[in-house]
Amino acid sequence: MARLWGRIGQSDREELFWIPRDKESRSRPPGFRALPGGLCSDAIGKLDSKEGDEFALVTEDGPFVRSAINALIHVAPAAPALVLSDRLTHDDLPDHPCVRLTGLRSLIRDDVDGEFSHLANLHRVVEIRRILGERERIGILLQPDPDPDGIACGYALRVILGRKRSTAPLISFGEITRPENRAMVEALGIEVRTLTPEELDEFDGLALVDVQPTVFGENPPEQVRSIDLVIDHHPERTGYDATLRDIRPSYGATAAILTEYLRAANVEMGPKLATALLYGIKTDTQLLGRETSRYDMKAFSHLHSCHSPALLRRIERPALPTDGLRALGRALAQTKVIDGIHLLILGRVREEVIPQVADLALQAEGAEWAIAAGLVNENLVFSVRNVGYVRAAGEVVRAVVEGLGVGGGHRSMAKGIIPLKAFRQVYGSTSRDQIRAALLESFQHAINRELS
Ligand SMILES: [Mn+2]
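Reading guide: rules and limits
Residues numbered from 1 in each chain as written. Predicted model: local features only at pLDDT ≥ 70, side-chain atom pairs only at ≥ 80, totals over all residues. Helix = DSSP H or I, 4+ residues; strand = E, 2+ residues; numbered from the N terminus. Buried ≥ 20, exposed ≤ 12 C-beta atoms within 10 Å, placed from the backbone. Contact = placed C-beta atoms within 7 Å. Pairing = 2+ DSSP bridges. Axes fitted to C-alpha atoms, helices over the stretch in contact; angles between N-to-C directions. Nonpolar A, V, L, I, M, F, W, Y, C, P; charged D, E, K, R; others polar. Domains from an automatic or database assignment.

1. Side note on the environment of Pro148
Now for step 1: With respect to the secondary-structure elements, Pro148 resides in helix α5 (residues 148–160).
Now for step 2: Look at Pro148 and you get buried, because 27 C-beta atoms sit within 10 Å.
Now for step 3: Considered as a pair, Pro148 and Arg182 are 34 residues apart in the sequence and their alpha carbons are 9.4 Å apart.
Now for step 4: Apart from residues no more than four positions distant in its own chain, Pro148 is found in contact with Asn181, Met184, Tyr279, Gly280 and Thr283.

Okay, here's the thing in structure tokens:
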């Protein structure tokens, strides 16, 4: 133990004492001073403890630790004491208001295990670079309508490969549709190219991140059935070949895997990349809520230390356009909270304004539910929010749009789309008053059913 301590090294603020027991030789290990007199308060008293001193006892010997702490209580009753032992338990310790027990070997073991896990990730990175390093053009394929986790992971993989967008573009079979996700790629300056399966022939390397080929249908296009690399956190699928696959279903986000890669390979994490990965984890785990593993937490805390709060704010709170603010002003002029429902009808607006207004509307006094609705192209689009303690926004929206349009979401946020044509067929007109009346009634109905 003393030899181990000698190797860990002594900090400037530490003094090391060696207390030999009767049967041991009196020779003290290098770096230690012998404490003459053994374990009595006299000897401990000679330590000349001052206010602010802390004591650490490194031992596996129960009788020793008891007499040491008792001696300590005698000379310095309030001094905090740390006991480092892998065998002793709290029952072995005398009563002392400020004693803490921890394992010395287990502390070191945890760090060593952490290093082995970094090593395994480094090995993956080396393999990935070996497989893809020589390729001329690598396609980094994301799921159709890529989400923040996929986008961030594609970007991270490109950084790991040391490539530019020209030799390793992010690609997808379907464009980004969600306004929040478009705000993300705009804020980060990332480009995702939409292409057809046939166009994959222009690449001599193909990597899939946050997705496996079976997402592209029961019979995935031939071009994705044999790929170079797949990194994902969805349950492992069969029916395709990959030279290297790293699939970790216990992770809440693939971005946590890529964060581990970057750390293990000592790749410099710029604020842009860190923000992208942080946002990927945040959205995939619904702000570290359900399905969050300790790996996601660890990656998140590392990313948090190097992300850009300003950039994150720009992604999460995209700028409200002036005409959106005017529409909000008109809607607020008639605002009312009825049965806990705060409904704002915006008229014709840009789609990205709607969820932001829904967020804002939830702050109204007495509002348990906030709904912002607007006309976008040929559709009535609405965003729904609720305060955490009431139930399933997604279920309510599905009930509201039933037979009329599409919708869904989760517990506290949801979105619905009803084609104006379908709305008109059922309700006669698409005037602001008609939309308000129809939505209020069907939300009241759906919420009551959900709560009953
Ligand atoms: Mn994901």
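2. A short note on the sheet that holds strand β5 (residues 99–102)
Neighbouring strands of a sheet are bound in pairs by backbone hydrogen bonds; such pairs are parallel or else antiparallel.
Now for step 1: The strand order across the open sheet built from three strands is β3-β4-β5, with neighbouring strands paired in parallel fashion. A single partner strand is all that each edge strand has here, and the edge strands are β3 (55–58) and β5. Ignoring which end each strand starts from, the neighbouring axes of this sheet average 20 degrees apart.

3. Things to note about the packing of helix α7 (residues 254–264) against helix α8 (residues 271–284)
Now for step 1: Where α7 meets α8, the axes come as close as 8 Å, and the angle between the chain directions of the two elements is 145 degrees. Only Leu277, Gly280 and Ile281 of α8 make contact with α7, whose side of the interface consists of Ala255, Ala256, Leu258 and Thr259.
Now for step 2: Per-class residue counts for the contact of α7 with α8 are five nonpolar, two polar and no charged.

4. A few points about the domain arrangement of the protein
Now for step 1: Taken domain by domain, the protein consists of domain 1 (2–102), domain 2 (116–315) and domain 3 (322–451).
Now for step 2: Just the C-alpha atoms count here: the centres of domain 2 and domain 3 sit 33 Å apart.

5. Regarding α7
Now for step 1: Most of α7 is tucked away: nine of the eleven residues are buried.
Now for step 2: Backbone geometry just after α7 places Asn266 at a positive phi near 55 degrees.

6. Examining the pairing of strand β9 (residues 205–209)
Now for step 1: With five of its five residues buried, β9 lies for the most part within the structure.
Now for step 2: Neither face of β9 is left uncovered, since the one carrying Gly205, Ala207 and Val209 and the one carrying Leu206 and Leu208 both have all their residues buried.
Now for step 3: Here strand β6 (residues 138–141) pairs with β9 via four bridges, running parallel. In the strand pairing of β9, Leu141 is matched with Leu208.
Now for step 4: Pairing geometry for β9 and strand β10 (residues 226–232), over three bridges, is parallel. Note that in β10 the partner of Val209 across the bridge is Ile231.

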